[in-house]
Amino acid sequence: MLTARPTDRYITLFGSLDPAAPIPHCLEGLRIAAELLAATVRSAPPEARAWHPWGHSDGPGFAAMGIVELLVHGWDLAGAFHLDRPTVDRLAGPAVARLFPEAPPGHGDTDTLLWCTGRTALPGLPRRPAGAWRWDGRVR
């Protein structure tokens, strides 16, 4: 509750799982989760490691994972609602560098992230099959 700071109602982190929840409440849950992740990453000691199915990782690795999740699923939702999809190179670039060591060089960071996660093709490279990609969360 202190993260969301509501003035008029109870807020649950998992309100976004309620199929009847209005879109603003769903987005509020995402903001809360992002703020909790950011606070956890800031407070974790540099040597802290945690399990993830795609590689044990540290704070910056988990931050990159959160960024990828928000960017690619935001891109998916924007397309579903026919909204503009902005270029997010400032966020995508560091996340790609951290999690996708196989990323092809020479393309925009947003385009590369979308290719790495199977959303689009790149010039000269076919789209990766859905579900056939993974990031590498290991500390390098």
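Residues numbered from 1 in each chain as written. Predicted model: local features only at pLDDT ≥ 70, side-chain atom pairs only at ≥ 80, totals over all residues. Heavy atoms only, no water.

Colleague: Please clarify how the nonpolar core should be interpreted in this entry.
Modeller: Generally speaking, a soluble globular protein has its nonpolar side chains buried in company with each other. With 16 residues, the main nonpolar core has Val68, Leu99, Phe100, Leu113 and Trp135 as its most contacted residues. Elements represented by at least two residues in this core include exactly α2 (59-80), α3 (89-99) and α4 (109-116). With 5 residues, the single largest contributor to this core is α2. Residues within four places of Phe100 in sequence aside, it is in contact with Val68, Ala95, Leu113, Cys116, Thr117, Trp133, Arg134 and Trp135. (Core = buried A, V, L, I, M, F, W, Y, C linked by side-chain atoms within 4.5 Å. Buried < 20%, exposed > 50% of the residue type's maximum accessible area, 1.4 Å probe, protein only. Helix = DSSP H or I, 4+ residues; strand = E, 2+ residues; numbered from the N terminus. Contact = heavy atoms within 4.5 Å.)

Colleague: Looking at this model, I keep getting lost on the layout of surface pockets. Mind explaining?
Modeller: Over the atoms, a rolling probe the size of a water molecule traces out where space has been left empty. By volume, the largest pocket amounts to about 630 Å³. What lines the largest pocket is a set of 24 residues, among which Leu30, Leu70, His73, Gly74 and Leu77 lie closest to the centre. For the lining of the largest pocket, the leading source of residues is α2, giving 11 residues. Each residue belonging to the lining of the largest pocket can be placed in one class, and the counts come to 18 nonpolar, 5 polar and 1 charged. Roughly 160 Å³ of volume is contained in the second largest pocket. Those elements giving two or more residues to the lining of the second largest pocket turn out to be α2 and α4. When residues in the lining of the second largest pocket are grouped by element, the largest group, 6 residues, is from α2. Partitioning the lining of the second largest pocket into residue classes produces 9 nonpolar, 2 polar and 1 charged. (1 Å grid on protein atoms, 1.4 Å probe; cavity = no way out; pocket = protein on both sides within 12 Å on 5 of 7 lines; lining within 4 Å. Points joined across faces, edges and corners; volume = space filled by probe spheres on them. Nonpolar A, V, L, I, M, F, W, Y, C, P; charged D, E, K, R; others polar.)

Colleague: Would you explain the packing of aromatic side chains in this entry?
Modeller: Within a pair of aromatic rings, the relevant descriptors are the distance that separates the centres and the angle that separates the planes. In the structure shown here, the tally under the stated rule is 4 aromatic pairs. On the basis of an interplanar angle of 80 degrees and a centroid distance of 5.2 Å, the ring pair of Trp54 and Trp135 is categorised as edge-to-face. Taken together, the residues span a long stretch of sequence, with Trp54 in the loop between α1 (23-43) and α2 and Trp135 in the segment after α4 at a distance of 81 residues. Ring pairs connect the aromatic residues Trp54, Phe100, Trp133 and Trp135, which therefore count as one cluster. (Phe/Tyr/Trp six-rings, centres within 6.5 Å; stacked < 30°, edge-to-face > 60°.)

Colleague: Would you take a moment to explain α1 for this structure?
Modeller: Each α-helix winds once per 3.6 residues, and so residues spaced three or four apart point in a common direction. Taking 1.5 Å of rise per residue, the 21 residues of α1 would be expected to cover 30 Å, and the 30 Å separating its terminal C-alpha atoms lies within 8% of that figure. Looking at α1, one finds that the buried residues are Glu28, Gly29 and Ile32. All buried residues of α1 project into a common sector of 100 degrees when viewed along the axis, lining one side. More than 90 degrees from the buried face of α1, the exposed residues found are Ile23, Pro24 and Arg42. (Expected span 1.5 Å × (residues − 1). Arc of directions from axis to C-beta.)

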